[in-house]
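Chain by chain, the residues:
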Amino acid sequence: MEIPYTVDPRPDTGLYNAKVGIWLFLASEVMLFGALFSSYILLRVGADPQNWPHGLLNIPIGTFNTTVLITSSVTVVLSWAALKMGNFRRYRFFQAITVLCALSFLGIKSIEYKDKFTHYEIWKKDGTRLTGHLEGNPWFWNTATLDIKALPSIKIHPDPHHYKDPRPPKHAGAPASDHSEGHAAAVEIPRAEIKRLSAFVPSHSTYFGIYFTLTGLHALHVLGGAIVIAYLWGPGAKMWRTQPIRYTNRIEVSGLFWHFVDLVWIFLFPVLYLL
Amino acid sequence: MSAHPQTVAQAQPAAAHAHDAHDIKKDVKKYLFVFGALLAGTFLTVFMYSVHFNVMAVTITIAVFIATIKAALVAGFFMHLISERKAIYAIMLATVFFFAAMMYLLVWSRGQLPKGGGWWEGGNQAAHKTEAKGK
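**Overview of the overall build of chain B**
Next, step 1: Assigned secondary structure in chain B consists of 6 helices and 0 strands.
Next, step 2: Going from the N terminus to the C terminus, chain B shows its helices and strands as α-α-α-α-α-α.
Next, step 3: Taking all 135 residues of chain B together, the buried fraction comes to 14%.

This is the structure in structure tokens:
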């Protein structure tokens, strides 16, 4: 049985079915990300400023990733335009750039994640706190790790600035993360003085909880979109020979999803990196 | 595959589709203009952040305003919302309504928002227990 309205528009909607379907799906996605954004606002408003790790994300990297995603969005729409004009070779060129941009975005994001997994905060029993990288750059350590490994002390290269303190005047106006400012010499802290140790993982604070939820879900969308676009670019391109309009419609639908992914990031970037 | 005998522009009846080849060529210029505007908006957002306004509300308002303009450009031009069918507008109208209603819940409950502080000292024992099971 042939699937109806894959090429011709339905008389009532004036659209082919997949287009209605993707917009309904995107509507549900708006509610999904909207719920997470409203959660972010609740957590942000309710957070003690001393426990909201602002300024720990690398803004130049975030800016670069934003430009990568915006570039991929324009190549998606240009590839669709190329197909509409019957230029398959041009379409493939632009979509290849799209997939490369998607992979670059994910690669850069994973580097950012890795930096967080090896970046630590120590709460000392005297009430002082410091952030930095542990000697040897271990991943995912926490308070329990110290006891399991029976470590009498740990060495940390502290950040010059803790997020709970106001930035010194020389940094005002410099949109850089603590990580880019370098670290001081290693400081040895005895286990007995440590109340809590945590990497910048979701359990560190509500900020990192919502940060990893939002960016992780977004990264899954990037991955899913890239897989679909790559499939249509490769094995799925056979349809162009037999049903060019239907194939073009598929590219349009996958493109709509991709633009939505870009759109979500447009809000994620200032909210998580800058505010 | 690039030597396909029948292009999309030839295959579909001209009246059946809003975009013919000529329109598409004009649209490509718009896409490139929007691309430039999106990049400019991104750098403007970062620049405005570096200005460090004394009032946080000003920083938030500017950042969200620029993000909204960028989102409108993507939705309007890349997703063709400025020239879509009524069915799509109907879907989006319902979405905007429910999205706004969800956001209004925040405003409605502003007097009952959780107060900050003490998340580690007692407010987040679950995270502490989870962590204690760690490595």
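**A few points about the packing of helix 2 (residues 59-84) of chain A against helix 3 (residues 88-117) of chain A**
Residues and elements named next belong to chain A.
Next, step 1: Between helix 2 and helix 3, the shortest axis-to-axis distance is 8 Å and the interhelical angle comes to 160°. By the angle between their directions, the pair helix 2 and helix 3 is classed as roughly antiparallel. Helix 3 is crossed by helix 2, and the crossing has left-handed handedness.
Next, step 2: Looking at side-chain class alone, the contact of helix 2 with helix 3 contains 16 nonpolar, 8 polar and 3 charged residues.

**Thoughts on the confidence of the model for chain A**
Next, step 1: Residues with a pLDDT of 70 or more make up 94% of chain A, whose mean pLDDT is 91.
Next, step 2: Here residues 170-176 of chain A is modelled with pLDDT under 50, and outside its nearest four sequence neighbours on either side it reaches 11 contacts, counting other chains as well.

**Regarding the packing of helix 3 of chain A against helix 5 (residues 206-233) of chain A**
Residue and element names in this part refer to chain A.
Next, step 1: Two elements in contact, helix 3 and helix 5, have axes whose closest approach is 10 Å; the angle formed by their N-to-C orientations is 155°. What the angle tells us is that helix 3 and helix 5 run roughly antiparallel. By crossing handedness, the relation of helix 3 to helix 5 is classed as left-handed. Listed contacts from helix 5 to Arg92, Gln95, Ala96, Thr98, Val99, Ala102, Leu103, Phe105, Leu106 and Lys109 of helix 3 are Thr215, Ala219, Val222, Leu223, Gly225, Ala226, Ile229, Ala230 and Trp233.
Next, step 2: The residue inventory of the contact of helix 3 with helix 5, partitioned by class, reads 13 nonpolar, 4 polar and 2 charged.

Calculation criteria
Residues numbered from 1 in each chain as written. Chains lettered and ligands numbered in written order. Predicted model: local features only at pLDDT ≥ 70, side-chain atom pairs only at ≥ 80, totals over all residues. Helix = DSSP H or I, 4+ residues; strand = E, 2+ residues; numbered from the N terminus. Buried ≥ 20, exposed ≤ 12 C-beta atoms within 10 Å, placed from the backbone. Axes fitted to C-alpha atoms, helices over the stretch in contact; angles between N-to-C directions. Parallel < 35°, antiparallel > 145°, perpendicular 65-115°, else oblique. Left-handed = near helix turned anticlockwise from the far one by under 90°. Nonpolar A, V, L, I, M, F, W, Y, C, P; charged D, E, K, R; others polar. pLDDT = per-residue confidence, 0-100. Contact = placed C-beta atoms within 7 Å.

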